[in-house]
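Observations on the three-dimensional arrangement
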Amino acid sequence: MDIYGKYADSLTSITHEVEDHIRDLNQQTVAAGEPKLYEHLIGRVKGNDSMIEKCHRKGYPVTTESALRKCHDAIGIRIVCNFIDDIDRNLQLLRDADWCTVVKEKDYIKNAKPNGYRSYHLILDVTTPYEDIEGHNPGHYFVEIQLRTIAMDSWASLEHEMKYKHNLKNPERIGRELKRCAEELASCDVEMQTIRQLIHESN
């Protein structure tokens with residue numbers, strides 16, 4: 001089954017439009033003489049099988065309504081930044097944007113997950129020119145934004161790869177090493193931020 005039904009094409013279009021909004025914010029920031037907001041911008045629509053699996057895992061009915069309303073990450077955007085304070089700059093601009101409303105925030109940078117995962121998550125309610133599942137037009141769709149530094153993103157990619165490896169030898173040791181690595185990368189992010197600040201102050 002296609003869990004997104006007739007809304008699948010709209011999800012793809014909305015993903016591209018949200019990416020364009022974020023690119024516009026970056027262009028305006030750079031034009032104002034400020035550092036760029038991010039290094040990488042990655043958007044995706046959650047795969048059909050992944051969304052069905054999530055509905056099963058969460059105990060939701062496997063329906064389009066669950067995919068678009070109970071789950072908030074059918075559309076996902078990852079903003080990968082150079083420095084920690086770039087995450088803060090992106091957050092402020094998204095909170096102030098007139099094309100979306102922030103409905104939920106989770107700070108996994110200050111409050112890392114037990115395994116070491118760090119990232120800042122936002123759920124946006126985005127107004128779109130597409131009919132939504134309630135029949136409203138303009139419609140409203142949820143978009144999950146993940147904001148990370150390059151170091152956080154590299155760690156998350158490795159952790160994701162390990163998660164889907166079966167029959168690992170010494171999984172406990174791998175978990176401990178991953179967490180240790182996450183803490184070292186977090187310290188490095190803070191140090192890099194400090195160096196950047198010192199450079200700005202010296203100018």
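Residues numbered from 1 in each chain as written. Predicted model: local features only at pLDDT ≥ 70, side-chain atom pairs only at ≥ 80, totals over all residues. Heavy atoms only, no water.

For the chain, an unreviewed UniProt entry supplies the name GTP pyrophosphokinase family protein and the organism Candidatus Limosilactobacillus merdigallinarum.

**As for the environment of R180**
Inclusion rule: Comment: elements are numbered from the N terminus, with helices defined as DSSP H or I runs of at least four residues and strands as E runs of at least two. Definition of a polar contact: a pair of N or O atoms within 3.5 Å, with one able to donate and the other able to accept a hydrogen when the atoms are protein atoms, and with sequence-neighbouring residues admitted only if both atoms are side-chain atoms.
Within the element layout of this structure, R180 appears in helix α6 (residues 171-202). Remark: the alpha-carbon pair of R180 and I79, spanning 101 residues in sequence, is separated by 24 Å. Looking at R180, its side chain comes within polar contact range of the side chain of E184, at 2.7 Å.

**Some details on the nonpolar core**
We apply this condition: By nonpolar core is meant a set of buried Ala, Val, Leu, Ile, Met, Phe, Trp, Tyr and Cys residues that side-chain atoms within 4.5 Å join together. Here the term buried applies to any residue with accessible area under 20% of the maximum for its type, exposed to any over 50%, and partly exposed to those in between, with areas from a 1.4 Å probe on protein chains only. Whether two residues are in contact is decided by their heavy atoms, any of which lying within 4.5 Å being enough.
Among the nonpolar cores identified, the biggest contains 37 residues, and I79, V143 and I145 are the most heavily contacted of them. Of all the secondary structure elements, the ones that give two or more residues to this core are α1 (8-31), α2 (48-58), α3 (64-70), β2 (75-81), α4 (84-96), β4 (120-128) and β5 (139-149). Sorting elements by how many residues they give to this core places α1 first, with five residues. Look past the residues within four positions of V143 in its chain and what remains in contact with it is I14, V18, H72, I75, I77, L122, I123, L124 and V126. Core analysis: the next-biggest nonpolar cluster, separate from the first, contains six residues, Y108, W155, L178 and A182 among them.

**Digging into a nonpolar patch on the surface**
To keep things clear, this is the line we draw: Distance thresholds for patches are 9 Å for like charges and 5 Å for nonpolar side chains (Val, Leu, Ile, Met, Phe, Trp, Tyr), applied to residues having over 30% relative accessible area and no salt bridge. For the area figures, the Shrake-Rupley method with a 1.4 Å probe applies, and any residue is considered shielded solely by the protein chains shown. Every case where a carboxyl oxygen of Asp or Glu lies within 4 Å of a side-chain nitrogen of Lys or Arg is listed as a salt bridge.
A cluster of nonpolar side chains, namely M192, I195 and I199, defines an oily patch on the protein surface of about 270 Å² accessible area. Mapping I195 onto the fold places it in helix α6. For I195, a relative accessible area of 45% gives the class partly exposed.

**Focus on the side chain of H121**
As for its placement among the helices and strands, H121 is situated in strand β4. At 2.7 Å, the side chain of H121 and the side chain of Y117 are in polar contact.

**Here we look at the state of the cysteines**
The condition is simple: In what follows, a disulfide is any cysteine sulfur pair within 2.5 Å.
Tallied over the full model, the rule gives zero disulfides. Sulfur of C71: no disulfide; nearest cysteine sulfur belongs to C55 and is 4.3 Å away.

**Let's talk about the pattern of salt bridges**
Considering all chains together, one arrives at 16 salt bridges under this definition. In this structure, K54 and D73 form a salt bridge, with 3.1 Å as the shortest nitrogen-oxygen distance. Of this pair, K54 sits in helix α2 while D73 sits in the loop between α3 and β2, and the two are 19 residues apart along the sequence. The pair formed by K54 and D73 is uniform in burial state, with each residue classed as buried. Between R89 and D86 there is a salt bridge, with its nearest N and O atoms 2.9 Å apart. Placement of both R89 and D86 in helix α4 is noted, with a separation of three residues, approximately one turn of the helix. In this structure R89 comes out as partly exposed when scored by relative accessible area, which is 21%. For D86, a relative accessible area of 1% puts it in the buried group. Counted as one network, the salt bridges with shared partners bring together D85, D86, R89 and R196.

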